[in-house]
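The primary structure of each chain is shown beneath.
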Amino acid sequence: ELKVEQNPLFLSMQEGKNYTIYCNYSTTSDRLYWYRQDPGKSLESLFVLLSNGAVKQEGRLMASLDTKARLSTLHITAAVHDLSATYFCAVDISHDMRFGAGTRLTVKP
Amino acid sequence: GAGVSQSPSNKVTEKGKDVELRCDPISGHTALYWYRQSLGQGLEFLIYFQGNSAPDKSGLPSDRFSAERTGGSVSTLTIQRTQQEDSAVYLCASSFQASGANVLTFGAGSRLTVL
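Residues numbered from 1 in each chain as written. Chains lettered and ligands numbered in written order. Predicted model: local features only at pLDDT ≥ 70, side-chain atom pairs only at ≥ 80, totals over all residues. Heavy atoms only, no water.

Visitor: Honestly, the pattern of salt bridges in this entry has me stumped. Any pointers?
Guide: Working definition: two side chains of opposite charge can pair if their charged atoms are close together. All names here are of chain A. What the rule picks out here adds up to five salt bridges over all chains. The partner of Arg 36 in a salt bridge is Asp 38, and the shortest N-O contact between them spans 2.9 Å. Residue classification places Asp 38 among the partly exposed residues on the basis of a relative accessible area of 27%. (Salt bridge = Lys/Arg side-chain N within 4 Å of Asp/Glu carboxyl O. Buried < 20%, exposed > 50% of the residue type's maximum accessible area, 1.4 Å probe, protein only.)

See below:
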(Lines give C-alpha, C1' and ligand atoms only; values in the text may rest on other atoms or scores of the structure.)
Protein backbone atom coordinates (compact mmCIF):
# COMPACT_ATOMS: atom_id res chain seq x y z
CA GLU A 1 0.00 0.00 0.00
CA LEU A 2 1.31 3.43 -0.93
CA LYS A 3 2.28 5.53 2.08
CA VAL A 4 3.02 9.22 1.87
CA GLU A 5 4.69 10.80 4.89
CA GLN A 6 5.28 14.48 5.47
CA ASN A 7 7.36 16.12 8.11
CA PRO A 8 7.13 18.19 10.06
CA LEU A 9 3.36 18.13 10.58
CA PHE A 10 3.46 21.49 12.35
CA LEU A 11 5.91 24.29 11.64
CA SER A 12 6.09 27.67 13.30
CA MET A 13 8.51 30.06 11.65
CA GLN A 14 9.59 33.62 12.07
CA GLU A 15 9.30 35.95 9.13
CA GLY A 16 12.49 36.09 7.10
CA LYS A 17 13.64 32.59 8.01
CA ASN A 18 14.17 29.62 5.71
CA TYR A 19 12.86 26.09 6.17
CA THR A 20 12.21 22.85 4.29
CA ILE A 21 9.22 20.51 4.37
CA TYR A 22 9.86 16.89 3.46
CA CYS A 23 7.64 14.39 1.69
CA ASN A 24 8.62 10.71 1.57
CA TYR A 25 6.68 8.02 -0.25
CA SER A 26 6.85 4.26 -0.30
CA THR A 27 6.26 3.22 -3.92
CA THR A 28 8.05 4.10 -7.13
CA SER A 29 6.50 7.14 -8.78
CA ASP A 30 7.77 10.01 -10.88
CA ARG A 31 4.71 12.18 -10.39
CA LEU A 32 4.43 14.33 -7.33
CA TYR A 33 2.29 17.37 -6.58
CA TRP A 34 2.19 20.05 -3.92
CA TYR A 35 -1.05 21.72 -2.83
CA ARG A 36 -1.86 24.55 -0.46
CA GLN A 37 -4.92 24.79 1.77
CA ASP A 38 -5.90 28.00 3.57
CA PRO A 39 -8.07 27.69 6.70
CA GLY A 40 -11.67 26.93 5.80
CA LYS A 41 -10.82 26.65 2.13
CA SER A 42 -10.23 23.82 -0.28
CA LEU A 43 -6.92 22.76 -1.82
CA GLU A 44 -5.18 24.61 -4.61
CA SER A 45 -2.40 23.27 -6.81
CA LEU A 46 1.06 24.73 -6.25
CA PHE A 47 3.59 22.59 -8.08
CA VAL A 48 3.69 19.67 -10.50
CA LEU A 49 6.88 17.56 -10.53
CA LEU A 50 6.99 14.94 -13.26
CA SER A 51 10.53 13.62 -13.40
CA ASN A 52 13.57 12.85 -11.33
CA GLY A 53 15.46 16.01 -10.58
CA ALA A 54 12.52 18.28 -11.40
CA VAL A 55 12.65 21.65 -9.69
CA LYS A 56 9.90 24.26 -9.72
CA GLN A 57 9.92 27.71 -8.13
CA GLU A 58 7.18 30.21 -7.46
CA GLY A 59 8.06 33.25 -5.41
CA ARG A 60 9.48 32.19 -2.04
CA LEU A 61 8.63 28.51 -2.56
CA MET A 62 10.73 25.94 -4.38
CA ALA A 63 9.86 22.28 -4.83
CA SER A 64 12.10 19.44 -5.95
CA LEU A 65 11.78 15.73 -6.61
CA ASP A 66 14.27 12.88 -6.17
CA THR A 67 12.53 9.76 -7.43
CA LYS A 68 15.41 7.47 -6.50
CA ALA A 69 15.19 8.55 -2.87
CA ARG A 70 11.38 8.75 -3.12
CA LEU A 71 11.63 12.22 -1.63
CA SER A 72 10.28 15.63 -2.46
CA THR A 73 11.10 18.84 -0.65
CA LEU A 74 9.31 22.16 -0.41
CA HIS A 75 11.75 24.90 0.52
CA ILE A 76 10.60 28.19 1.95
CA THR A 77 12.91 31.17 1.56
CA ALA A 78 12.55 34.30 3.70
CA ALA A 79 9.10 33.38 4.95
CA VAL A 80 6.31 35.97 5.05
CA HIS A 81 2.98 35.85 6.88
CA ASP A 82 1.04 35.23 3.65
CA LEU A 83 2.63 31.80 3.40
CA SER A 84 0.78 30.62 6.51
CA ALA A 85 -1.33 27.66 5.36
CA THR A 86 -1.33 23.87 5.28
CA TYR A 87 0.81 22.30 2.58
CA PHE A 88 0.12 18.84 1.21
CA CYS A 89 2.19 16.64 -1.07
CA ALA A 90 0.45 14.05 -3.23
CA VAL A 91 1.84 11.05 -5.09
CA ASP A 92 0.31 9.76 -8.29
CA ILE A 93 0.42 5.99 -8.91
CA SER A 94 -1.29 5.36 -12.25
CA HIS A 95 -3.70 8.22 -11.55
CA ASP A 96 -4.50 6.93 -8.07
CA MET A 97 -3.65 10.05 -6.02
CA ARG A 98 -2.69 9.76 -2.37
CA PHE A 99 -1.94 12.67 -0.07
CA GLY A 100 0.36 13.18 2.86
CA ALA A 101 -1.02 14.30 6.22
CA GLY A 102 -0.13 17.93 5.54
CA THR A 103 2.24 20.43 7.15
CA ARG A 104 0.56 23.28 8.98
CA LEU A 105 2.80 26.30 8.57
CA THR A 106 2.47 29.38 10.72
CA VAL A 107 4.69 32.37 9.97
CA LYS A 108 5.00 34.82 12.82
CA PRO A 109 6.21 38.43 12.66
CA GLY B 1 -19.08 24.57 -15.23
CA ALA B 2 -16.12 26.68 -14.29
CA GLY B 3 -15.18 24.64 -11.25
CA VAL B 4 -16.01 21.54 -9.25
CA SER B 5 -19.38 21.96 -7.58
CA GLN B 6 -20.37 20.09 -4.43
CA SER B 7 -23.69 19.97 -2.66
CA PRO B 8 -24.83 20.36 -0.02
CA SER B 9 -22.15 22.62 1.40
CA ASN B 10 -23.33 21.79 4.90
CA LYS B 11 -25.36 18.87 6.14
CA VAL B 12 -26.44 18.17 9.70
CA THR B 13 -28.08 14.81 10.25
CA GLU B 14 -29.06 12.50 13.03
CA LYS B 15 -27.18 9.32 13.75
CA GLY B 16 -28.64 6.44 11.77
CA LYS B 17 -29.92 8.51 8.86
CA ASP B 18 -28.68 8.15 5.29
CA VAL B 19 -27.02 11.04 3.46
CA GLU B 20 -26.14 11.70 -0.16
CA LEU B 21 -23.36 14.03 -1.20
CA ARG B 22 -23.14 15.22 -4.78
CA CYS B 23 -20.18 16.23 -6.90
CA ASP B 24 -20.41 17.90 -10.31
CA PRO B 25 -16.93 17.87 -11.86
CA ILE B 26 -15.45 20.19 -14.44
CA SER B 27 -16.85 19.39 -17.86
CA GLY B 28 -14.54 17.05 -19.77
CA HIS B 29 -12.65 15.85 -16.73
CA THR B 30 -12.43 12.07 -16.92
CA ALA B 31 -11.19 11.34 -13.41
CA LEU B 32 -13.08 12.04 -10.21
CA TYR B 33 -11.87 11.57 -6.64
CA TRP B 34 -13.52 11.57 -3.21
CA TYR B 35 -11.54 12.32 -0.07
CA ARG B 36 -12.52 12.82 3.55
CA GLN B 37 -10.91 15.42 5.79
CA SER B 38 -11.57 15.35 9.49
CA LEU B 39 -11.01 18.51 11.55
CA GLY B 40 -7.36 19.50 11.38
CA GLN B 41 -6.41 16.26 9.64
CA GLY B 42 -5.05 15.26 6.25
CA LEU B 43 -6.93 13.86 3.29
CA GLU B 44 -8.20 10.31 3.57
CA PHE B 45 -8.65 8.69 0.16
CA LEU B 46 -12.11 7.19 -0.34
CA ILE B 47 -12.60 6.30 -4.00
CA TYR B 48 -11.44 7.19 -7.50
CA PHE B 49 -13.40 7.02 -10.75
CA GLN B 50 -12.01 6.82 -14.24
CA GLY B 51 -15.03 7.54 -16.39
CA ASN B 52 -17.90 5.64 -14.75
CA SER B 53 -15.79 2.83 -13.34
CA ALA B 54 -13.99 2.82 -10.02
CA PRO B 55 -10.58 1.11 -10.34
CA ASP B 56 -9.90 1.68 -6.67
CA LYS B 57 -12.58 1.42 -3.98
CA SER B 58 -10.13 0.42 -1.29
CA GLY B 59 -10.51 3.61 0.67
CA LEU B 60 -14.19 3.29 1.49
CA PRO B 61 -14.22 2.93 5.31
CA SER B 62 -17.06 0.42 5.54
CA ASP B 63 -19.93 -1.11 3.58
CA ARG B 64 -22.08 1.82 4.74
CA PHE B 65 -20.25 3.93 2.17
CA SER B 66 -20.91 3.68 -1.54
CA ALA B 67 -20.36 5.88 -4.55
CA GLU B 68 -21.41 5.98 -8.12
CA ARG B 69 -20.75 8.07 -11.17
CA THR B 70 -23.08 8.25 -14.12
CA GLY B 71 -22.53 9.50 -17.64
CA GLY B 72 -18.90 10.13 -16.84
CA SER B 73 -19.96 13.24 -15.00
CA VAL B 74 -21.86 13.69 -11.73
CA SER B 75 -20.93 11.50 -8.79
CA THR B 76 -22.87 10.71 -5.63
CA LEU B 77 -21.33 9.53 -2.37
CA THR B 78 -23.88 7.81 -0.14
CA ILE B 79 -23.42 7.11 3.54
CA GLN B 80 -25.99 4.80 5.08
CA ARG B 81 -26.85 4.65 8.78
CA THR B 82 -24.53 7.54 9.58
CA GLN B 83 -22.38 7.43 12.70
CA GLN B 84 -20.82 10.29 14.62
CA GLU B 85 -17.35 9.30 13.36
CA ASP B 86 -18.56 10.03 9.82
CA SER B 87 -18.55 13.74 10.67
CA ALA B 88 -15.98 15.39 8.40
CA VAL B 89 -15.58 17.49 5.29
CA TYR B 90 -15.99 15.39 2.16
CA LEU B 91 -13.93 16.75 -0.72
CA CYS B 92 -14.42 15.95 -4.36
CA ALA B 93 -11.82 16.63 -7.03
CA SER B 94 -11.63 16.08 -10.76
CA SER B 95 -8.86 16.03 -13.33
CA PHE B 96 -8.38 15.84 -17.08
CA GLN B 97 -5.45 13.44 -16.89
CA ALA B 98 -3.55 14.78 -19.86
CA SER B 99 -0.37 12.90 -20.62
CA GLY B 100 1.97 13.61 -17.77
CA ALA B 101 0.26 15.94 -15.35
CA ASN B 102 -2.77 14.90 -13.33
CA VAL B 103 -3.59 18.10 -11.49
CA LEU B 104 -6.67 17.85 -9.31
CA THR B 105 -9.17 20.67 -9.06
CA PHE B 106 -11.03 20.51 -5.77
CA GLY B 107 -14.54 21.51 -4.87
CA ALA B 108 -15.31 23.54 -1.76
CA GLY B 109 -16.37 20.41 0.11
CA SER B 110 -19.46 19.15 1.89
CA ARG B 111 -19.30 19.48 5.65
CA LEU B 112 -21.19 16.63 7.31
CA THR B 113 -22.13 16.75 10.97
CA VAL B 114 -23.74 13.68 12.53
CA LEU B 115 -25.43 14.38 15.84
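Visitor: Help me out: how do you make sense of the interface of chain B and chain A in this one?
Guide: Where interface size is quoted, it is often the accessible area lost as the parts come together. Contacts between the two partners involve 21 residues from chain B and, on the opposite side, 20 residues from chain A. Summing the contributions of chain B and of chain A, the shared interface buries around 1,500 Å²; its carbon and sulfur component is 54%. It is Leu 43, Asn 102 and Phe 106 of chain B in chain B that bury the most area against chain A; as a group they hold 27% of the surface buried on that side. If you look at where chain B meets chain A, you find zero salt bridges. Of all the secondary-structure elements, those providing two or more residues to the side of chain B that touches chain A are β4 (31-37) and β5 (43-50) of chain B. Broken down by class, the residue content of the side of chain B that touches chain A amounts to 11 nonpolar, nine polar and one charged. (Contact = heavy atoms within 4.5 Å. Buried area = accessible area lost by both parts, 1.4 Å probe. Helix = DSSP H or I, 4+ residues; strand = E, 2+ residues; numbered from the N terminus. Nonpolar A, V, L, I, M, F, W, Y, C, P; charged D, E, K, R; others polar.)

Visitor: What's the story with the state of the cysteines in this structure? I'm lost.
Guide: The bond known as a disulfide is covalent and runs between the sulfur atoms of two cysteines. Residue and element names in this part refer to chain A. Going through the model one piece at a time under the given rule, you end up with two disulfides over all chains. Disulfide partner of Cys 23: Cys 89, at an S-S distance of 2.0 Å. Disulfide Cys 23-Cys 89: the torsion about the S-S bond is 80 degrees, which places it as right-handed. Taken together, the positions of Cys 23 in strand β3 (residues 19-25) and Cys 89 in strand β9 (residues 85-93) put the pair 66 residues apart, joining distant regions of the chain. There is no split in this pair, since Cys 23 and Cys 89 are both buried. (Disulfide = S-S within 2.5 Å.)

Visitor: Where do I start with the sheet that holds strand β7 (residues 65-69) of chain B in this structure?
Guide: Strand pairing in a sheet takes place through backbone hydrogen bonds and is either antiparallel or parallel in direction. Residues and elements named next belong to chain B. Across the sheet, four strands lie side by side as β1-β3-β8-β7; this open sheet has antiparallel pairing. Either end of the sheet is taken by a strand with one partner, and the two such strands are β1 (5-7) and β7. Within this sheet the neighbouring strands show an average axis-to-axis angle of 15 degrees, counted without direction. Bridge count between strand β3 (residues 19-24) and strand β8 (residues 75-79): five bridges; the pairing is antiparallel. Bridge pairing links Arg 22 to Thr 76 in β8. (Pairing = 2+ DSSP bridges. Axes fitted to C-alpha atoms, helices over the stretch in contact; angles between N-to-C directions.)

Visitor: What am I meant to see in the pairing of strand β9 (residues 88-95) of chain B here?
Guide: Two faces belong to every sheet, and in a regular strand the side chains alternate between them. Residues and elements named next belong to chain B. Within β9, eight of the eight residues are buried, which leaves it mostly tucked inside the rest of the structure. The alternating pattern of β9 places Ala 88, Tyr 90, Cys 92 and Ser 94 on one face and Val 89, Leu 91, Ala 93 and Ser 95 on the opposite face, and all of these are buried. With three bridges joining them, β9 and strand β11 (residues 110-114) adopt antiparallel strand pairing. Bridged to Val 89 within β11 is Arg 111.

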